[in-house]
Structure formats: structure tokens, C-alpha cells
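# Chains, contacts and geometry: an overview
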Amino acid sequence: MSKWENDTTVLGPHLLLIESECCEKGQPVSLGEEDEALKGFDWRSGTDSVTKGIWVWSSPFILKRNGEKMAVFVLDTEGSLDIESGQETCNKLSALSMLLSSYLIFNITKSLKTTELDYLEMYLHVSELTGESFSLQYLQHLNILVRDWQGENCGREAAKSYIEHETKKLQKSQKNHRVLETLRSPSVSSFLLPNPGKTFLRSSQGRLSDMDDDFRGHLTTYVSDLVEGLWLHRKTDVRSERITCGHLGGMLKDFVRTLQREHFSCASPVEMYYWLENQKNIKTTVKKFKDFVEIVAPINSSTLKILEVGTSKISEKVNAEASRLLDDYEQSLKGTNVAVKADFKEEMKVVLDQEVKKFSDEYSKLFTKCAVGIGCAVGGVVLGVAGSIAGPSELESELL
């Protein structure tokens, strides 16, 4: 779950933390004590964002139901769509937000303005491409929360009418096609919240008792509905299979590893997509290599079967396959930056060289063990199949 903030009062993360804690402990839903100051993520009232990035609460909330467990992570992504951060930062944070979240709150003030629509269009593009690279379900749920609503009615039903009105306007403008398509989908919900009141906005701590009654009532409904529906929004992949914490952690490591690359740049969603695809194809290529060596030299074969396979022949095959895979990877590289492509190719070569050496060391030990086991004599040095995809090394002596 994550939340985008643009300005004014920051409320969502604090109340989500309270509600999630209630659910975890099996207690009735509550917004907290009357005079209890809001705690959790840093916050303040005003137009300046506070978080400037993505912050994750220190530990997940573990919910239990009918013998199942679900970990809920609360994220605050305030400022991730701040134009002052630059396009590249927005792209990175949007992709990371999509990667981590199954329920996103697009938190805006008063109305859906052109700037917000453009940001949302960009986010949806990044989200679509990131989902494709990581085989994740694209935009599981988007909640549009309009704060400081100045209309006569607030709540869910009023929000539906407002979103329908905005959808008709988008149809006429012929802009923001992804936003229009998304607003028509069942994966979107919305809510209108009134202003919390002058007393609350002037408060340095923010207490429930400082909120206007109307705001407090609608806020209670909004947050309660959100938390009670958490089980409907478990993170899934493109096959609708649930994502585990371990799986999510692995994807996050892959993504951060990509961001840390020396030449990494993502000035556009498409450029980010190229980077992610090139990085993903490294893992795909390694898997192809492992599948190949398992076929030509299965480690679990019988002793006699292993001894029948000549080490010289295996060395030739393994190095030839590694070279072929490197050529295929080079041809598959996406993007137009020649230096970046060369960097990816070099990384792929290093990885394949490591895989060749790893296989060679393991097979050499296994071959020697099998030879000793049946009383064979080994002439000269220990047999091996070590080589490099840049050019096979000299082959070791054969078994005499």
C-alpha cells in the first residue's frame, strides 16, 4: 500500500498505521484517542511536502484470517511526483511505488487538475512497463482521494459522480489516454474529503479533537473501508498468483541493483523499461545456460555415465554455448545508447564466465570423485573443463 501526497495536511499514513494496528491485534476499528497527537511518519500542515521519497514503516502488520496470514506494509511516497524532483526521479519513484504496492492512493487537493492528470498519465505508463518487466499485475487498485473538497456533498457516492464528470471531460480533450482508460476500469475507487477545519490546520501536533465533525465522520468511513478491504488487494503477479515477502524482496533487490548501475538513466518511461528489460534478460540468459549444462552433463547421472563423457568435449560444448548465448543477448539489447549496450554486454560476459567456471569446478570434482571411486588412475593434473566465453582455455589431459 502506498500513498502519493502533493500538499496540505498529511493524514493518510498516520491513520492507516492506527487502523492496521487495530486489525493486527483483532481490536475494533478506531482512529485513536481524542487528545492523542498523530504519530508515525513525519508530517506538517502546509503546501510543502515532507517525505520527499518513499518511506516504509519499520515493520509490516501481520493480519490473520481463516488460517491465512498477510503482511501489510504501509508506505508514504509524498513528493514522489513533485515536478521539482525532475523527470528521472519521478520515473524511478513511480516504478518503485508500483513494484512495492498493490493499493495506491492518489492524494490530491480540491480537484483533478491538468498537472495531476499529467502526473498520473506518466505514472500509469511507468507502472505498465515496470509491471511487464517484473511480470506483475498492472495497477491492482488505484484510489483517488480528493482532499479539501469544496462541493456540497462528500464521500464515496459523491466521488463516483465527480469521477464520471471528469471522465467525460477527458473524452472530449483526447488527452491522457491511459488515465481515461484507467478511470473506466473496476480497479479504481474514489472518495471526497472536506477540509479538516482551521483548528486542525493550525495545530502543531494534530489531534482528533481538533478536526471538524464533518471531516472526522467522512475520514472515519474512508479509512475504515480501506483497511477492512485489505484482504481484497493482496499483491499478485500476471497469473494472479500471490506475491510472497521473499519474492517481493528479490524483485526489489533486482530493481535497486539496476538503479545503482554507473550509466543508469531513465529520463523517460520507455528508457527505464529498456534498462529493466536488459537487466531481466541477464537472468534469463543465465537460466538458459544452466538448463543447457544440465542436459549435456547432468550432475545426478550415474558414475559410469559421467565417466563416459569426455572433459574436452564438454568444455568445447559449454564454451560454445556460452558464446552463443552472449551473441543472442547482445542482439536482444534494447535502447539506442551504444555505451550502455556495451556495458550490459560486458556484464553479461562476466556473469557467463563465472557460470562456466562454476560448472567447470563442480564437474571436475565430480569426474575425479567418480574416477577414484572405480579405481581408475588419473594421469598428470586433475581433469577440468575450465574455460572462458572469450576463448576456451587449453584443454586438460584426458583420463588415461
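Summarised in this report is the structure supplied together with it. (Residues numbered from 1 in each chain as written. Predicted model: local features only at pLDDT ≥ 70, side-chain atom pairs only at ≥ 80, totals over all residues. Heavy atoms only, no water.)

### A look at the overall build of the chain
Counting secondary structure elements, the chain contains twelve helices and eight strands. The 400 residues of the chain split such that 48% are buried. Counted over contacts in the chain with a minimum sequence separation of 6, partners at least 24 positions apart contribute 75%. Per element, the accessible surface of the chain, about 20200 Å² overall, is 51% carbon and sulfur. (Helix = DSSP H or I, 4+ residues; strand = E, 2+ residues; numbered from the N terminus. Buried < 20%, exposed > 50% of the residue type's maximum accessible area, 1.4 Å probe, protein only. Contact = heavy atoms within 4.5 Å. Areas by Shrake-Rupley, 256 points an atom, 1.4 Å probe, with all protein chains shown as cover.)

### Observations regarding the pattern of salt bridges
Inspection of the entire model under this criterion finds 18 salt bridges. Between Glu241 and Arg239 there is a salt bridge, and its shortest N-O distance comes to 3.8 Å. In this structure, Asp328 and Arg324 form a salt bridge, with 2.7 Å as the shortest nitrogen-oxygen distance. Separated by four residues within a single helix, Asp328 and Arg324 lie in helix α11 (residues 311–332), roughly one turn from each other. (Salt bridge = Lys/Arg side-chain N within 4 Å of Asp/Glu carboxyl O.)

### Some remarks on the packing of aromatic side chains
In this structure the tally under the stated criterion is five aromatic pairs. Arranged with centres 6.3 Å apart and planes meeting at 45 degrees, the rings of Tyr273 and Tyr274 form a pair that is tilted. Looking at Tyr273, the relative accessible area reads 13%, which means it is buried. Judged by relative accessible area, which is 31%, Tyr274 ranks as partly exposed. (Phe/Tyr/Trp six-rings, centres within 6.5 Å; stacked < 30°, edge-to-face > 60°.)

### Some thoughts on the packing of helix α3 (residues 114–133) against helix α9 (residues 269–296)
Contact geometry for α3 and α9: axes closest at 9 Å, N-to-C directions at 10 degrees. Judged on the interaxial angle alone, α9 and α3 are roughly parallel. Every residue of α9 that contacts α3 at His125, Val126, Leu129, Thr130, Glu132 and Ser133 is listed here: Pro269, Val270, Met272, Tyr273, Leu276, Glu277 and Lys280. Split by residue class, the contact of α3 with α9 holds seven nonpolar, three polar and three charged. (Axes fitted to C-alpha atoms, helices over the stretch in contact; angles between N-to-C directions. Parallel < 35°, antiparallel > 145°, perpendicular 65-115°, else oblique. Nonpolar A, V, L, I, M, F, W, Y, C, P; charged D, E, K, R; others polar.)

### Remarks on the pairing of strand β7 (residues 141–147)
Within β7, seven of the seven residues are buried, which leaves the element mostly enclosed by the surrounding structure. Alternating positions in β7 separate into two faces, His141, Asn143, Leu145 and Arg147 on one and Leu142, Ile144 and Val146 on the other, with burial throughout. Pairing of strand β6 (residues 103–109) with β7 involves seven bridges; the strand directions are parallel. In the sheet register, Ile108 faces β7, and the bridge partner there is Val146. (Pairing = 2+ DSSP bridges.)

### Some remarks on the side chain of Thr130
Tracing the sequence through the fold places Thr130 in helix α3. Looking at Thr130, its side chain comes within polar contact range of the main-chain oxygen of Val126, at 2.7 Å. Setting aside residues up to four positions removed in sequence, Thr130 forms contacts with Ala95, Met98 and Leu276. (Polar contact = N/O pair within 3.5 Å; in protein donor to acceptor, adjacent residues only side chain to side chain.)

### A closer look at the pairing of strand β4 (residues 68–72)
Along any regular strand, the residues point their side chains to alternate faces of the sheet. Relative to β4, strand β3 (residues 61–65) is paired through five bridges, and the arrangement is antiparallel. Within the sheet, the bridge partner assigned to Ile62 lies in β4 and is Ala71. In this structure, the hairpin formed by β3 and β4 is closed by a connection of two residues, where Asn66 is found at a positive phi of approximately 50 degrees.

### What about the nonpolar core?
With 41 residues, the main nonpolar core has Leu142, Ile144, Leu192 and Phe255 as its most contacted residues. Once residues within four sequence positions are removed from consideration, Leu192 is found in contact with Val146, Trp149, Asn153, Cys154, Gly155, Ala158, Ala159 and Tyr162. (Core = buried A, V, L, I, M, F, W, Y, C linked by side-chain atoms within 4.5 Å.)

### Some thoughts on the environment of Thr221
Locating Thr221 in the fold gives a position in helix α7 (residues 213–228). Residue Thr221 is classed as partly exposed on the basis of its relative accessible area, which comes to 31%. For the pair formed by Thr221 and Arg156, sequence separation is 65 residues and the distance between their alpha carbons is 9.2 Å.

### Observations concerning the side chain of Glu121
Of note, Glu121 is situated in helix α3. The exposure class assigned to Glu121 is buried, which follows from its relative accessible area of 14%. Within the local environment of Glu121, its side chain forms a polar contact with the backbone nitrogen of His177, the two atoms lying 3.5 Å apart. In this structure, Glu121 is in contact with Asn176, His177, Arg178 and Val179, ignoring residues within four places of it in sequence.

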